[in-house]
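Fold and contact review
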Amino acid sequence: LSNSRPAWLFLFSVSFAPTLVAVEAPSWPQWRGPSRDGQIAGPAWPRRLGEGEIKSLWRTPLAPGYSGPIVSDQAVFVTETADKKTEVVRALDRRTGAELWRHSWAGAITVPFYAKSRGDWIRATPAFDGETLFVAGMRDVLVALDGATGRERWRIDFVKTYGTNAPDFGLVCSPLPDGDSVYLQAANSVVRVRKTDGQVLWRSFEGKAGVMSEGCFSSPVIATIRGERQLVVQSREKLAGLALDDGRVLWSHSVPSFRGMNILTPTVLGDAVFTSSYQNKSWLYSIAREVDAWRVSETWTGTAQGYMSSPVVMDGHAYLHLANGRFTCVNLANGERTWTSDAFGKYVSLVAQGNRILGLDERGILLLIEADPKEFRLVGQHKVSEVETWAHIAISGDEIFVRELKAMAVFRWTDRPVERVSSAGSP
């Protein structure tokens, strides 16, 4: 590898209550937050984490579910699987946790025996554009609900529409709204759906049939690479960039993995993409464009083995939770790991602000980490749940939203500085 710094590195230094009259702009609208990368602005986080810094506001019991909560100024949207046969969406009052409306449909599946420890319940985090809530159900369905009332606007059953198999592990991709469309990996492919009426505008990037290759685990992002705004997706076998207007594959590259377990959300860094797969390695892929021809090359291959936790990137380093439960810091210039921590939980969802990272591991423990490429620095930890917390954490203002396996719980920072931190990470 060259000792010179690559150019891309400089680019990132139905029933309802009438209480919910109107739904304001969401503050945690989708998978991994406002910018879909785990970065968040707002009131600065406290410098400590412990009993005195976290206050419980409310907790509402739910049926099991792993979908992360979606948060607007007035409501918290949650999903659940009731009685092992029905998928339920609820809007809860953000202040009290009281139910505002609910909507449901038949939709449970049974996952393979070797995935039973992760449960049979709904997984995909919904997305909310301020008017419509888009929910992906386990049996390969996409449902659009009115955010104010819970009224169903439209539904697509991809199995019936395309004759594909219901994914063995369920539909786990989180919908991505953008403009007049919503994008999703479903029907063993990638689809673009019109928001207003649920019409599929294109279907592309079809995968092979089979339990080790069908469906997907990753969620897409939209990024501008080499001057073209595009959809970046990771299937169980490949990483690719798709044209937003017609779904044509601009570029693609195979990503090695164990049993097709490419789970991470792709991390786009200028004209490069970072990813890592279970029981394999990590890579930085550089994307080049010559006239109308696209080319993908490996800038480096690293030893870090990711699993389910997508990383956060700060000052040219990726902070990644590994399959062995440890955290590591990867120098994105060369792929070298600058440190590796002791083991924590099996899964940690990560949100970053300034030089701090807040993680929620599946044991119900909040971890506050100072982002330091020289050493692992755990500022504090605090247990907020006695049951599993596999769903992605959400943060809005000074409130922390934790979807427990069988409840929705909300907490508030009680000790924090008054300054505001921008999404770029500087006060």
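Not measured: the values here are computed from a predicted model.

Here's the deal with the nonpolar core
W45, I54, L358, L366, I400 and M408 are the most contacted members of the largest nonpolar core, which has 28 residues in total. Broken down by element, the residue count for this core peaks at five residues, all from strand β35 (residues 407–413). Counting residues in hydrophobic clusters, the runner-up holds 18 residues, among them I109, I122, M138 and L145.

With respect to the pattern of salt bridges
Applying the stated criterion across every chain, the model contains 25 salt bridges. For the salt bridge of E152 with R155, the shortest nitrogen-to-oxygen distance reads 2.9 Å. Its relative accessible area of 24% is what places E152 among the partly exposed residues.

Quick look at empty space enclosed by the protein
The calculated volume of the largest cavity comes to roughly 40 Å³. Every residue along the wall of the largest cavity is listed here: Y319, L320, F327, T328, W339, L350, I357 and I369. Broken down by secondary-structure element, the contributors of at least two residues to the lining of the largest cavity are β26 (317–321) and β27 (326–331). A per-class count over the lining of the largest cavity returns seven nonpolar, one polar and no charged. Its volume calculated, the second largest cavity comes out at about 30 Å³. For the second largest cavity, the full set of lining residues is R32, M308, S309, S310, Y347, V348, S349, L350 and H392. Each residue belonging to the lining of the second largest cavity can be placed in one class, and the counts come to four nonpolar, four polar and one charged.

A word on the environment of K374
As for its placement among the helices and strands, K374 is situated in the loop between β31 (365–370) and β32 (377–383). You can call K374 exposed: its relative accessible area is 72%. Remark: the alpha-carbon pair of K374 and W339, spanning 35 residues in sequence, is separated by 6.9 Å. Contacts of K374, omitting those with residues within four sequence positions, involve T338 and W339.

Criteria and cut-off values
- Residues numbered from 1 in each chain as written.
- Predicted model: local features only at pLDDT ≥ 70, side-chain atom pairs only at ≥ 80, totals over all residues.
- Heavy atoms only, no water.
- Core = buried A, V, L, I, M, F, W, Y, C linked by side-chain atoms within 4.5 Å.
- Buried < 20%, exposed > 50% of the residue type's maximum accessible area, 1.4 Å probe, protein only.
- Helix = DSSP H or I, 4+ residues; strand = E, 2+ residues; numbered from the N terminus.
- Salt bridge = Lys/Arg side-chain N within 4 Å of Asp/Glu carboxyl O.
- 1 Å grid on protein atoms, 1.4 Å probe; cavity = no way out; pocket = protein on both sides within 12 Å on 5 of 7 lines; lining within 4 Å.
- Points joined across faces, edges and corners; volume = space filled by probe spheres on them.
- Nonpolar A, V, L, I, M, F, W, Y, C, P; charged D, E, K, R; others polar.
- Contact = heavy atoms within 4.5 Å.

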